[in-house]
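Observations on chain architecture
Each chain is listed here by its residues.
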Amino acid sequence: MNGDIKCKHIMIKNWRLVMDGRMHRFPLRILGTPHISEAGCRQILSPRIQAATLMAQHRTQTTKAVIFDLGGVVVPSPLAAFLEYERKLGLPKGSISRTVVESGDSGAWNRLERGELTLSEFADKFTEDVSARAGKRADMSGLLTYIGNGLTTPHQSIIDAVKSLRIEGLKTALLTNNWAMEGEGPNRIMDRDLFDVIVESSKVGTRKPERRIYEICLQQLDVKPEESVFLDDLGVNLKAAKAMGIRTIKVTDPDKAVLDLEREVGGLCLRRFVDGTTTVPEHLRIPMDRLETFFNQKLNLHSTEPPVLRCFQHGQSNPTYYVYYAGQHLVLRKKPPGKLLPSAHAVEREFKVMNAVGQFGVPIPKMYGLCEDSSVIGTPFYIMEYCKGRIFKSLHLPGMTYQERRDIYFAMADTLCKIHQVDISKAGLDDYGKKGGYLKRNIVRWSKQYEASKTEEIEAMNKLMDWLPKHLPEREAVTIAHGDFRLDNLIFHPTKPEVIGVLDWELSTIGDPITDLCTCLLNYYMPANFPMITSFQNMDVASLGIPSVQEFMDIYCQRMGIPSIPSWDFYVAFALFRFAAIIQGVYKRAISGQGSAPNSKLVGEFVLCIICICTLGQGSAPNSKLVGEFAKLMAEEGWKIASNSNLRPTVSMAGGGIQLGNTGGKRNYSTSSEGAVNQMTVSPKGLSPRAKNLYDKVKDFIEKEIKPAESEVMEFYRQEQNCWKVCPTVNRLKEKAKAAGLWNLFLPKEADPEMKLGAGLTNLEYAFMCEEMGKVPLSSEIFNCQAPDTGNMEVLVRYGSEQQKRQWLTPLLNGEMKSCFGMTEPKVASSDATNIESSITRERDHYVINGHKWWTSGALHPNCKICIFMGKTDKSAATHRQQSMILVPMDAPGVKIVRPLSVFGYLDNPAGHAEVIFENVKVPLDNMLLGEGRGFEIAQGRLGPGRIHHCMRLIGNTERAMELMLERTQNRVAFGKPLAAQGTIQQDVAKSRVEIEQTRLLVLKAAHMMDNYGNKVAAPEIAMIKVAAPNMALRVIDRAIQAHGGGGLSEDFILAGMFSWARVLRLADGPDEVHLRSISRQEYRKYNLSKL
């Protein structure tokens, strides 16, 4: 265990049990259960647990409460402040303390502590009394403030003792002589929740050593005098308490007083408190002299004080201790005592893997050493650093913001990827487990362990043991597998969403990484009323910022650079099966006295009571038969998933798990749940009848309607006065296309499965239509398929709220308005989007936008009404969580178009590319897309389809260029023969055809990948086409220009315009260099993974 709190237990502070007619605190340490939900705890209070409670309290039965004085015990004594204040005023030493004592009960000091004087009355009276005794004027008006300033830091050893007492089930009280002063007293010094009872003299009208104040304290604690211990620094106060039968400890040194208190409470450890730890129970005691010798000889740690040990409460796994020695905060983890199940609790393996992976970027505590000699403390053990941080015991992360929760879960995904990316050989872990066959071995292993620990037949377990081996993925990834990767096994930085430690490596091995991924998402699959594990089934986790299963999987797959996971049902069923088997083993150890945590046997009792009430509705004493009911819940959930799965038994199909290695260097993709993927269509003839019919209509409309009007539209825009107007011919053609049903063809089927918004085409089907549109560039606008509107509409479909869709998406889909996209900035290298400097600042009920953008395509169109603007909402967040996207109306005050930008002299009117200033632009909070910090997520979702569109249109551009070149070269004669007869021209034509066909196939493959595996999996292919298509187009169009001579450079032909646009796309979709870097990284990753 590491961290402040180990989250396999839940701490209920205010439960009390009625036993023998009296109220008793429920010891916190009996409430530990694996990953238990608070709701589950609150349902159970059985006679068996009450009996267990009495057992837990047996050791401290003579002490039920400890009472602490404030000044002189919890905080330094005020006597030192008296002396300093006397020196400050030049008074004789002891003037103040003598005045307090000699004035007696009627003196100003004692009356102040009983609440009989106000502060001003006290100042006047006490000044008079001290002055009389000192023989000079002594202003006491600042004394109380002076004292208060010196009492702000409590003794840590006393605070540790208080916390330790409470976690052991004892009550604590603060009994203080004080005065009523705003901002002073216990509130200012410490958390009042440290104490069950606080008795302040100024509030109860009586003070120590008066008997009444002790009676009030005992009454509120509900204990007898002999059941309590009182700590004070003044003998007169202790004498009065002792006369009542209260045991007392005189405090002269806080550290020594804690040692005295430990003896009074039966040997409980009250030093060096760490959240989630208790006194080491008897059956887990360690020989301290041998441990100290190990520290001295093996770790070169030396101290005059013996080690302080505390036991972490959590779990049924390996006993884990907090150790303080020689100024070092350490953790000791060992095997449990007793006979163990086969191959369980191998702390040697834990140490080996943690020590290894920590050198490869996995966040691991510093490892000090391993001792395999059982003669030292009874079993092998290892020592590591204690990491102070946050461990989240509640998986829905209460008290956090939407973005904070999201950041925590994404950090969890990042950490999992780091584990799975460790090079096994370089880490020296080739012998850590068998490579391959992990799933099959574990099904056999957990089946055997379940059989060894079961108490009755569970039909669902039998069915799973039959189903799982028959549906094994044919190929498995081979990586380091943690084996128990969950949020509550991670230590997070105290303030940042950053994992600083991964714990509990007991089940780690070389195995299939998807089992880890499934384990950390198991909460999504638990029954809603399951008593022991928090379930997300009836929880709106999306509104909290917690990613869905699919989002988490997408992030994982993207960062691992792998396809999606078609055999997910298998992994979920396997995880539930394994957990059911583990729980049986946990209980078996608990009832046989082998449980490691101090509350292990009680965990078994608690689990049984939960089953009794939650699953059987009985109140009878639990028995072994009921254990099966608990495992049965897990097994039945697993069988429900397995029996409803579409997975076919494994025969020879290539489906199943993702391939990270052992694939002979080949990539294997499969997303169909049945292991089959549609063949890639390579020509329009292979389209489905519906898509082919639509393709024919598009091609026919272009040939008959748009192409004949092309010259007319070009002529319209050659007129200077028409530069930023909409050509009437374009509007006419758009209405005609809309009436023919040739509208919004771009929207992919996966984003619009019911075809309510578009034509319902796949990316591959639409690619062929895009090629036809590229032959006549005007066509995209006519079909409402033009950039950047297509990308912006997809963003709104995928990520927009219902309000945003009504206000902006519907008019865009209807062709009633235009949009633009504001990302690139002139002052930074925008190819790295993390450089963006524009800001989006929240102020009360709106956001304020400031930024300088350029190449904002579409901004100059007269109908442009909305901009999707990318800027930073939180510059302190993780690098890719700083950016957000927000909708900015173009007519909002502060939006200023500076100028149009030309490309080789072309303005691309009427949409254009603008330089735009956004200065203190205010937009409503509702305009934020998806949520703050999710700009990169949106950008990634926006990237894929638009790239296919551009690239296929470029294929169309090159086909048009080829057509013009063939026509030109056959009709022009040079040096006595047609140009077409020239060898160089023939070579240019041949090269162009080869390059067009190559690029088309690559683009079609990317579209096919997107349709079958998703945009993230297709990322390498998308990057390839973004490089290949524009460069190919430039070469082909350049050859056509060359064949046209000077005419090719003019506006008499369309070639110069197409060339300029192809050149733009080497930058507009990200510079080639970025894509090439991405492709290169993918290649190295594939190569290295193939060697695993």
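Residues numbered from 1 in each chain as written. Predicted model: local features only at pLDDT ≥ 70, side-chain atom pairs only at ≥ 80, totals over all residues. Heavy atoms only, no water.

A look at the environment of asparagine 300
- Residue position: asparagine 300 is located in the loop between α14 (288–298) and β9 (308–312).
- Among the residues examined, asparagine 300 registers a relative accessible area of 59% and is labelled exposed.
- Counting along the chain gives 26 residues from asparagine 300 to alanine 326, while the straight-line C-alpha distance between them is 9.9 Å. (Helix = DSSP H or I, 4+ residues; strand = E, 2+ residues; numbered from the N terminus. Buried < 20%, exposed > 50% of the residue type's maximum accessible area, 1.4 Å probe, protein only.)

Some details on the sheet that holds strand β10 (residues 320–325)
- The sheet built from six strands is open, its strands ordered β8-β9-β10-β11-β13-β12 with antiparallel pairing. For this open sheet the edge positions go to β8 (277–278) and β12 (367–371), each flanked by a neighbour on one side alone.
- As judged from the six bridges shared by β10 and strand β11 (residues 328–334), these two strands associate in the antiparallel manner. Within the sheet, the bridge partner assigned to tyrosine 325 lies in β11 and is glutamine 328.
- Of the strands in this sheet, β11, β12 and β13 (381–385) are in contact with helix α15 (residues 347–357), which crosses β12 at around 150°. (Pairing = 2+ DSSP bridges. Contact = heavy atoms within 4.5 Å. Axes fitted to C-alpha atoms, helices over the stretch in contact; angles between N-to-C directions.)

Some remarks on the pattern of salt bridges
- Counting across every chain of the model gives 57 salt bridges.
- Glutamate 264 is the salt-bridge partner of arginine 247, the closest N and O atoms lying 2.8 Å from each other. Highlighted residues: arginine 247 in strand β7 (residues 247–250) and glutamate 264 in helix α13 (residues 254–264), separated in sequence by 17 residues.
- The exposure class of arginine 247 is partly exposed, given its relative accessible area of 21%. (Salt bridge = Lys/Arg side-chain N within 4 Å of Asp/Glu carboxyl O.)

So, the nonpolar core
- Counting residues in each nonpolar core, the largest one holds 103 residues, and the members touching the most others are Trp505, Leu517, Trp568 and Phe570.
- Residue contributions to this core peak at 13 residues, all from helix α22 (residues 568–591).
- For tryptophan 568, the contacting residues outside a window of four places in its chain are Ile514, Leu517, Cys518, Leu521, Tyr525, Val549 and Met553.
- If you look at the next biggest cluster of nonpolar residues, it comprises 95 residues, including Ala691, Val698, Leu929 and Ala1043. (Core = buried A, V, L, I, M, F, W, Y, C linked by side-chain atoms within 4.5 Å.)

With respect to the sheet that holds strand β6 (residues 228–232)
- Ordered by their spatial adjacency, five strands build an open sheet running β5-β4-β3-β6-β7, and the pairing between neighbours is parallel. The sheet is open, and its two edges are formed by β5 (197–200) and β7, each paired on a single side. Strand-to-strand twist in this sheet, taken as the mean axis angle between neighbours without regard to direction, amounts to 20°.
- Looking at chain direction, strand β3 (residues 65–68) and β6 are connected through four bridges and run parallel. Residue valine 66 lies in a different strand from β6, and its bridge partner there is valine 229.
- Here α13 sits on the sheet and contacts β3, β6 and β7; the angle it forms with β7, its principal contact strand, is near 160°.

Points about helix α33 (residues 1019–1044)
- The end-to-end C-alpha distance of α33, which contains 26 residues, comes to 38 Å, matching closely the 38 Å that a straight helix rising 1.5 Å per residue would cover.
- Burial runs high along α33: 20 of the 26 residues are buried.
- At the exit of α33 stands glycine 1045, carrying a positive phi of roughly 65°. (Expected span 1.5 Å × (residues − 1).)

Quick word on unusual backbone geometry
- Cis peptide bonds are those with omega within 30 degrees of zero, and the linkage from alanine 787 to proline 788 qualifies with 0°.
- Looking at the secondary structure, you find proline 788 in the loop between α28 (779–782) and α29 (789–799).
- The phi dihedral of arginine 844 falls on the positive side, at around 55°, and the residue is not glycine.
- Examined against the element boundaries, arginine 844 turns out to sit in the loop between β19 (839–843) and β20 (846–857).
- By relative accessible area, arginine 844 is classed as exposed at 68%.

Regarding the environment of glycine 1048
- For glycine 1048, the location among the structural elements is in the loop between α33 and α34 (1055–1068).
- For glycine 1048, a relative accessible area of 0% translates into the label buried.
- The spacing of glycine 1048 and aspartate 1038 is 10 residues in sequence and 8.9 Å in space, taken between C-alpha atoms.

Topic: the side chain of histidine 861
- For histidine 861, the location among the structural elements is in the loop between β20 and β21 (864–872).
- Judged by relative accessible area, histidine 861 falls into the buried class, the value being 7%.
- Setting aside its immediate chain neighbours within four residues, histidine 861 contacts Val726, Lys818, Pro910 and Ala911.

Looking at the confidence of the model for the chain
- Across the chain, the average pLDDT comes to 83, with 84% of residues at or above 70.
- Across residues 1–60, where pLDDT falls below 50, the model places 188 contacts with residues more than four positions away in sequence or in other chains.
- Within the model, pLDDT remains below 50 along residues 651–677, and this stretch shows 76 contacts once partners closer than five positions in the same chain are excluded. (pLDDT = per-residue confidence, 0-100.)

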